[in-house]
Structures are given as C-alpha cells and as structure tokens.
Amino acid sequence: MKEDDGTGPPNRELYALLHLSPEASDEEIRRAYRQWAQVYHPDKYQAPHMKEIATENFQRICEAYEILSDENKRQVYDIYGMEGLNSGLELGPKLNKVEEIKEQLEKLKRMKEQQKMSALFLPKGSIVANLSLPEFLDGDGIMRGMAMSSAVQSQLSKSSALSLSGNLGVEENSGAGAASAVFRHQIASGSTIEFMGSVGLGSLIGVQMTRQLSLHSTATLGIAKSFHDGSINLSNVWTRQLSDTASGNIELLLGPQSSIGVGWQKKDQNTSAAGEVKFGTNSFGISARYTRRFSSKSHGRIAGRIGSAALEVEVGGGRKVSDFSTVRMLYTIGIRGIFWRFELHRGGQKLLIPILLSRDLNPVLATGALVVPTSIYFILKKFVFKPYYLKREKQKALENMERTATQVQEARKAAAKAQQLLENVANRKRNKQQEIGGLVITKAIYGNHKALKKGDELRETNDELASQVLDVTLPLNFLVNDSGQLKLHDGVKKSGIMGFCDPCPGEPKQLHVEYTYHGERYEVAVDDYEELIIPQIAHRV
C-alpha cells in the first residue's frame, strides 16, 4: 500500500509545522507563530551548536508564517501545495477578496486540465471468444464465435468530444459489423447534446439531448432513424439521485421494439448493487447484481436474470493483479446451460472468454464446475499467490528503504535537533501535569503501521521495520496545552509536526500513543491524517 497517490488528503506540512488546523483564522496563525518563535528564536541560545539548530528551525517557522499569513499565497498553497508556490504561479492583477483568488485559481486549474485533455485519447476495446466444450468433444472445433469492439474518444475542447467505435462479430458461418461516431457538445453547464451515426448492421442516425433538471435529477431525450427498416425510435430516460450512494432511473423506448424499464443502482466503498425490471414487445426481464469488495485487491459477485429469454444465476469473483489489471472468473448456470467465463481487464481493454461446459443441467457436472475451480483457487491463493505477493511486497519495501535511506537519515537528524530545543519546555509541562494528575504522554511512536503492530517485540528486534518508526514522546508532551489536553488536527499529515519526520516514505503510517490521566492508563492508535483528541474515556486500557 502506498501513500501520496493523488487520492489521499493533501500534505498540509506548513499547518502541521505551526500546529494549526487548515481552517485556522488569521489570529490563530499569528498566535501560533508567536508561540513557536519564543521557542526557536536564535537569541535565546548562547551555545553555538544550539544557536545553529534554533536558526535552522526558526527559518522554517518564519517561512510557514509568511505563506499562511498571506491570503494570496495561502490560497495557492491550499490548492497546489509548495509546488504551486515554487513554480511561480501567476495570479495576474492583485486580488483583494478570497473569493476572487479562489475563482482565479480554479480558472487556472481548469485551463491546465483542458490542455492535458485536449491531447488525450481514451481508447477502449474488448475481445470476446466464445468456446464450447460439447462441440469440441463432438469433433466440431472448440470455437463457437468471436466478437471484437473498439472505441476511441478525443476531447476536442473543454466542451466538445468525439467518439469513434466499431465492432465485428462472427458466429459459425455468419458475421456482421458496424462502425459508429458520436459527437458530444456541452451547450450549457447542465445541458449536453449528442449527434450519432452508425453504418453496417443496424445503420442509423440520431440525436439526443441530456439536461440536468435539478440538483438530483437528469433527463435524456433522443430520436433515431434506422436505415434498415426506415423506422423512427424515440427514447426517454429519467435519472434521480436517491441518496449519496444510490440512484434510480426510468427508461422508455418507443418504436418497433417498444419497452419500459425501471432500474436502481447503489454503490459505496465496499459494496455495489443494481437491479432492473424491463417490459417490452413480447418480452420481459428482471435482473439483479451484487458485488462485495473483500479487500483492496479482491471482490466477489452474484447476479441473477429471469425473463422470457433467460433464467440463470451467476457467481464468481475477481482479483486485482496490478495497478491496471484485474482478472475475474464467473460461473453461470441456467436454461442455456452451464458456463465458465474468464475475464481480463487492463486499463480500458477487456478479454472475455465464455466457455460452454454443458447444455444439459446435470447436477453432478453443475456441482463439480463450481466446487473444483473454487477449491483450486483457494489452494493456489494460499500456497502460491499469497507467498509470492508477500515476497514481492517485502522486496519493494526493501528497495524503497534503500532508495530513501539518505533522505530518512537527514530527516531523522533534523527531527532530533528540533526535539533538543523542545526538551526543556516539554519536561516542564510533563512535570506540571504529573503534579496535578493531568495528561502525561508516557510513550508515543510514529511510523510504519506494520512495525507498530509488533508492539513490545519491536524493542527486541533490529529488523528493517524497527528502523521505520520514530519516538515522538517528547514533542507530544510539548504540545499538551495548559488545560491538560492534546489535539492533532484532522487532514494534517503528522510527519510535518515539529520534532516529527517521515521514517518510511511511501508506506502507510500510524501514531501509537500511551498516556496517563488522573492515575489511569490510556492507549490509542490513529492513522497519519486522522484527528487525535486526548484524553478520552474510550482510550482507557
């Protein structure tokens, strides 16, 4: 698992340095600066080496205050981080209002995104190879048919996009293909129009318009003319956001194959579900699907379909084998027979291989087709895949440690220097809290969450994990306020706090704290960006 992949909270190091919330007011920023300046001002120290340490950290404090106390620079930092400030991001004429600064920054951000998107092509494609075991056993060959499709989308401008696609299918002695183009243009902030055309099998030309009716509702109206039979087809789709994670839709199609359908979708962090009921000319169908994510890399799925042309149940699962690739195996049993389906997804490309095992619903074959591959998978997972991935992850961690060893060593030295200047005040605060039975941090360790899970074993080992933690008991005692409380702000990476550093760049980190309060022992562990407020009854051991 890696951090800083662009999906996590931003690194608010300057806020951590001054021990501030990202929502801190100007007065809170000034007050924090004065407090830290009293600790790190070089004039307070006579010894040359202490004065040197104080000067180095005082410069960091001043730089943080200079940026956060300037509305313009603070807005740039909040959106783009230090990279935006160091790149000399220009905001044009001086802007006096925070709203104006935000608007200008967002405009610049959109322009950069537009420049990237204008040269971006988004390719998608799929290959379906239909195999048949019964036909192979009968000597007719294993291949039943094959289908291929490909699409590419180009963002012509901020509001316009062009999509080109084609498909080709072959089954036994017949085949067909089609090519299509779709031009999409955003005519307003909530309205989009699409022009489409297709040649080949099912040639047509049409137009459809989508409009956002309200904050939670969208409607799409389309009309298409078929060149195959000259018919006119009308479509209308209404979509409604039912909650933060659920939405529903109603679809109405008018033409030679008229139908009406009602659908529902729900998706959250670990589960997704969907269902649809559809009635058409001489046909009907009901389908449902449920997917459960068991971990960041694996998931399970169950689906069912019933209707005038289908009656089947599908179960299976998949696993992410790399950042861009996922493999999946599904088992289907129904009136069409018993199937296995293997899928490989990589980027926007898909390879699908449905295998017909039997057209007859033989109970023994049906049971074996489900149990045998499932058993093989779990055996391979336990004795092959898991050991391999653990070995690979360990190797990556070692390579990362070697690559960042110099960086970590320098960061540890800087943290140790910062702690030197905090020591007197931290000890004084600790003694005061001990006298009144207040909050005393007895042990605080920050670093690799795997190392922290080892607990007491860590003190007795010298393996690579032991070098990926940092003792931060002293700086946390320093941060305890006069009221006997300690707060680390939500969304602020803890490695930026004075006296802290990042002992394992790229690895997930936690902070483990043991403390006493009114003679009672407490213990708590929080993630790198998670808020910490102590003391709390819930932390009592």
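Residues numbered from 1 in each chain as written. Predicted model: local features only at pLDDT ≥ 70, side-chain atom pairs only at ≥ 80, totals over all residues. Heavy atoms only, no water.

Enquirer: Help me understand the overall build of the protein chain, please; the structure alone is not making it clear to me.
Expert: The number of helices and strands found in the protein chain is 10 helices and 23 strands. Looking at the protein chain residue by residue over its 541 residues, the buried ones come to 34%. Sequence-distant contacts in the protein chain: of pairs separated by 6 or more residues, those separated by 24 or more amount to 42%. With the model as given, the accessible surface of the protein chain reaches about 32000 Å², and the carbon-plus-sulfur share is 56%. (Helix = DSSP H or I, 4+ residues; strand = E, 2+ residues; numbered from the N terminus. Buried < 20%, exposed > 50% of the residue type's maximum accessible area, 1.4 Å probe, protein only. Contact = heavy atoms within 4.5 Å. Areas by Shrake-Rupley, 256 points an atom, 1.4 Å probe, with all protein chains shown as cover.)

Enquirer: I'm lost on the nonpolar core in this one. Help?
Expert: Where a protein is soluble and globular, its nonpolar side chains tend to be buried together. Within the largest apolar cluster, 54 residues are counted, with the highest numbers of intra-cluster contacts made by Tyr40, Ile441, Leu476, Leu511 and Val513. Of all the elements, helix α3 (residues 48–68) adds the most residues to this core, at 8 residues. Mapped onto the domain boundaries, this core takes at least three residues apiece from domain 1 (21–82) and domain 2 (405–540). Excluding its chain neighbours within four sequence positions, the residues that come into contact with Val513 are Ile441, Lys443, Ala444, Leu476, Tyr522, Glu523, Val524, Leu532 and Ile534. Among the nonpolar cores identified, the runner-up in size contains 7 residues, and Leu131, Tyr331, Leu357 and Ala369 belong to it. (Core = buried A, V, L, I, M, F, W, Y, C linked by side-chain atoms within 4.5 Å. Domains from an automatic or database assignment.)

Enquirer: Would you take a moment to explain the side chain of His539 for this structure?
Expert: With respect to the helices and strands, His539 occurs in the segment after β23 (532–534). When sequence neighbours within four positions are dropped, the list of residues in contact with His539 reads Tyr515, Arg521, Tyr522, Glu523, Val524, Ile533 and Ile534.

Enquirer: Before we go on, may I ask you to explain the pairing of strand β8 (residues 232–241) in this structure?
Expert: As a general feature of sheets, a regular strand has side chains that alternate between the two faces. Inspection of the sheet shows strand β7 (residues 217–226) paired to β8 by 9 bridges, in the antiparallel sense. Following the sheet pairing, Lys225 is matched in β8 by Ile232. A loop of 5 residues connects β7 with β8, the two strands running antiparallel in sequence, and Gly230 in this loop sits at a positive phi of about 75°. Where β8 lies against strand β9 (residues 246–254), 8 bridges are found, and the strand directions are antiparallel. Note that in β9 the partner of Arg240 across the bridge is Gly248. (Pairing = 2+ DSSP bridges.)

Enquirer: Explain the confidence of the model for the protein chain here, please?
Expert: Close reading of the predicted structure is inappropriate where its pLDDT is low. Put simply, the protein chain has an average pLDDT of 87, and 89% of its residues get 70 or more. Between the elements of the protein chain, mean pLDDT differs from a low of 46, seen in helix α9 (residues 457–460), to a high of 96, seen in β7. Every residue in residues 90–97 scores below 50 in pLDDT, and together they form 11 contacts with partners more than four places removed in sequence or on other chains. (pLDDT = per-residue confidence, 0-100.)

Enquirer: Sorry if this is basic, but what is going on with unusual backbone geometry here?
Expert: Most peptide bonds take the trans configuration, and most residues that are not glycine carry a negative phi. Here the residue pair Ile534 and Pro535 is connected by a cis peptide bond, since its omega of 5° sits within 30 degrees of zero. Looking at the element boundaries, Pro535 is found in the segment after β23. You will see that Asn282, though not glycine, has its phi angle at about 60°, which is positive. When you line up the elements, Asn282 lands in the loop between β11 (271–280) and β12 (283–293). For His518, which is not a glycine, the phi torsion comes out positive at approximately 55°. As for its placement among the helices and strands, His518 is situated in the loop between β21 (509–517) and β22 (520–527). The exposure class assigned to His518 is exposed, which follows from its relative accessible area of 54%.

Enquirer: When you look at the sheet that holds β22 in this model, what are you seeing that I'm missing?
Expert: As a general point, the strands of a sheet are linked pairwise by backbone hydrogen bonds and lie either parallel or antiparallel. Read across the sheet, 4 strands follow the order β19-β18-β21-β22 without closing on themselves; strand pairing throughout is antiparallel. Whereas interior strands pair on both sides, the edge strands pair on one side only; in this sheet they are β19 (469–471) and β22. Ignoring strand direction, the axes of neighbouring strands in this sheet form an average angle of 15°. Taken together, the 8 bridges between strand β18 (residues 440–448) and β21 define a ladder with antiparallel strand orientation. Opposite Ile445, over in β21, you have His512 as the bridge partner. (Axes fitted to C-alpha atoms, helices over the stretch in contact; angles between N-to-C directions.)

Enquirer: Is there a simple way to think about the pairing of β7 in this case?
Expert: Bridging between strand β6 (residues 204–212) and β7 involves 9 bridges; their strand directions are antiparallel. The residue of β7 that forms the bridge with Thr210 is Thr220. In this antiparallel pair of consecutive strands, β6 and β7, the connection spans 4 residues.

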